[in-house]
Amino acid sequence: MAALNKLPTQLIHHPYRPPTGFEGFPPAVHKASTVFFPSVHALRTQQWADKSGYTYGLHGTPTTFTLEERIATLEGGTHCVLVPSGLSAVSLIDMAFLRQGDELLLPDNAYGPGKAFAAGELAGWGISHRYYDAQNPADLAAKITPATRLVWLEAAGSVTLEFPDIPALVAVVSAANAGRERAIVTALDNTWGAGIAFQPFELGVDVSMQALTKYPSGGADVLMGSVVTRDDALHQQLLTCHMRLGLGVAANDAELVLRGLPSMALRYHAQDVSTRALAAWMAQQPAVAAVLHPALADSPGHAAWQRDAKGAACLFSAVFHESVAQAQIDAFCDSLRLFRLGWSWAGPVSLCAPYNVSAIRTTPWPHRGGLVRFAVGLEAVEDLQADLAQALAAVDLAKP
Ligand SMILES: *Cc1c(COP(=O)(O)O)cnc(C)c1O
């Protein structure tokens, strides 16, 4: 190294190597676009797809491999790919498994932007989609055709929180697969269960995705998604599509999710307890016609939730009486102080958003009043209840 006498070269090709063997709890944050090869032979032969080596930053680093393995464990799977958002996990699954002429079946209560991807890009590429009623396995059976290639499931449904009978829906697809050359793939949006409430592969699904943005991060400070499988062939299809699309996640973002994972189960259960208390309180309020949360006996899918799940996420929705005007519901949301207005959930801060359910679903919706979805954070539950009470009173909705 004595030849390196020009300062810029010295600083770039610096000879110091710290001693190996350092150990601490947090995994190291490795950042690189370029990965160095020790020889031309290694450059030509090194493999990344089976995690036996490194070839390029986009194809994985020790940091992303570590996070992938932990997320696979969280969901009871064997393989994981990481993507820049939950929505890109949805679109990756669609793009990996669907080709021109194929049909996609989505639950009517699916995550909205996933529906928009089907109606926009997929339709433009000659891939059709139809909605089925997730609470009615016979409806799914009736909608499967020879063109069906992918069936999405979501537990609980977005906004309206119906809990589907996942084993019954999977059984419908298995029956349809008997004798088919190209099996229909089942994909679950497992953001709500998060790997904590139930193990998706034990309920029979082929692919499970999560918005790591929600519970695994827990900090409301990172966007990321994951796609987990137990099936080598399905994983290879996902990985190939992922590589060709050039998807990857930043090392600092992976670090944030790795940091959130150890406290995830504690946060999930703490938020579950607060959410159930607030849902029960909200159900007693005279302005409220119904509260939707799978643990409530009259919420759709309660029996399936009770059989298959060991917990519930931090979401509940309140449906107001038809007599309550939308302007009054909006004013109620505006009056909340601790519950902030905004999308996403499972972070420290409680959130709420009003929804017009009739505008986002095709199957009949039994309620006529406006709906507000609440995402309960980590604040003290007494303070959150007081916030709901003061906002109801502020817009004259506290009394019968
Ligand atoms: C938030 C969410 C997503 C998308 O995650 P992003 O990281 O925000 O793109 C997908 N599905 C469900 C059920 C979600 O709640």
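Structure: see above.
Residues numbered from 1 in each chain as written. Predicted model: local features only at pLDDT ≥ 70, side-chain atom pairs only at ≥ 80, totals over all residues. Heavy atoms only, no water.

## A word on empty space enclosed by the protein
Using the following cut-off: Using only the protein atoms, space was sampled on a 1 Å grid; points where a 1.4 Å probe fits but cannot get out form cavities, open sets with protein on both sides within 12 Å along at least five of seven lines form pockets, and lining residues are those with an atom within 4 Å of a point. Grid points are joined across faces, edges and corners, and a volume is the space filled by probe spheres set on the points. Secondary structure is summarised from DSSP: a helix means a run of H or I of at least four residues, a strand means a run of E of at least two, and numbering begins at the N terminus for each. Under this grouping Gly is polar, as are all residues other than the nonpolar Ala, Val, Leu, Ile, Met, Phe, Trp, Tyr, Cys and Pro and the charged Asp, Glu, Lys and Arg.
This structure, assessed with the given rule, holds two cavities of 30 Å³ or more. A volume near 90 Å³ is recorded for the largest cavity. What lines the largest cavity is simply V90, D94, L106, P107, A110, Y111, G114, K115, W152, L153, E154 and D189. Put simply, the parts of the chain that give the lining of the largest cavity at least two residues each are α4 (86-97), β2 (103-107), α5 (112-124) and β4 (148-154). If one sorts the elements of the lining of the largest cavity by residue count, β4 sits on top with three residues. For the lining of the largest cavity, the per-class residue count stands at seven nonpolar, one polar and four charged.

## A look at the sheet that holds strand β11 (residues 351-355)
What counts, and what does not: For two strands to be treated as a pair, DSSP must find no fewer than two bridges joining them. Any two residues whose heavy atoms approach within 4.5 Å at even a single point are treated as in contact. Working convention: axes come from line fits to C-alpha atoms, limited for helices to the stretch in contact. Angles between N-to-C directions cover 0 to 180 degrees.
Taken in spatial order, the five strands of this open sheet run β8-β9-β12-β11-β10, and their pairing is mixed. Among the strands making up the open sheet, the edge pair consists of β8 (288-292) and β10 (340-341). Lying on the sheet, helix α12 (residues 326-335) is in contact with β9 (315-320), β10, β11 and β12 (371-375); it crosses β11 at an angle near 170 degrees.

## Topic: the layout of surface pockets
This is how the line gets drawn: Domain borders in the structure are assigned automatically or taken from a domain database.
Its volume calculated, the largest pocket comes out at about 750 Å³. Lining the largest pocket are 42 residues, with Y111, S158, K214, W345 and R373 sitting closest to its centre. Looking at the lining of the largest pocket, the elements with two or more residues in it are α4, α5, β6 (207-211) and β11. Looking at the lining of the largest pocket residue by residue, the class counts come to 24 nonpolar, eleven polar and seven charged. Looking at the lining of the largest pocket, you find at least three residues from each of domain 1 (55-262) and domain 2 (264-394). By volume, the second largest pocket is sized at about 460 Å³.

## Focus: the packing of aromatic side chains
As a reminder of what qualifies: Between 30 and 60 degrees the pair is tilted, below 30 it is stacked and above 60 it is edge-to-face, where a pair is any two Phe, Tyr or Trp rings, Trp via its six-membered ring, whose centres lie within 6.5 Å. Only when the NZ of Lys or the CZ of Arg is both within 6 Å of the ring centre and within 35 degrees of the ring normal is a charge said to sit over the ring.
A complete count under the given rule lists eleven aromatic pairs for this structure. Here the aromatic rings of F332 and F374 are separated by 6.3 Å at their centres, their planes lie at 75 degrees, and the arrangement is edge-to-face. With F332 in helix α12 and F374 in strand β12, this pair connects stretches of sequence that are 42 residues apart. When the ring centre of Y131 is taken as origin, the NZ or CZ atom of K115, which lies over that ring, is 5.1 Å away.

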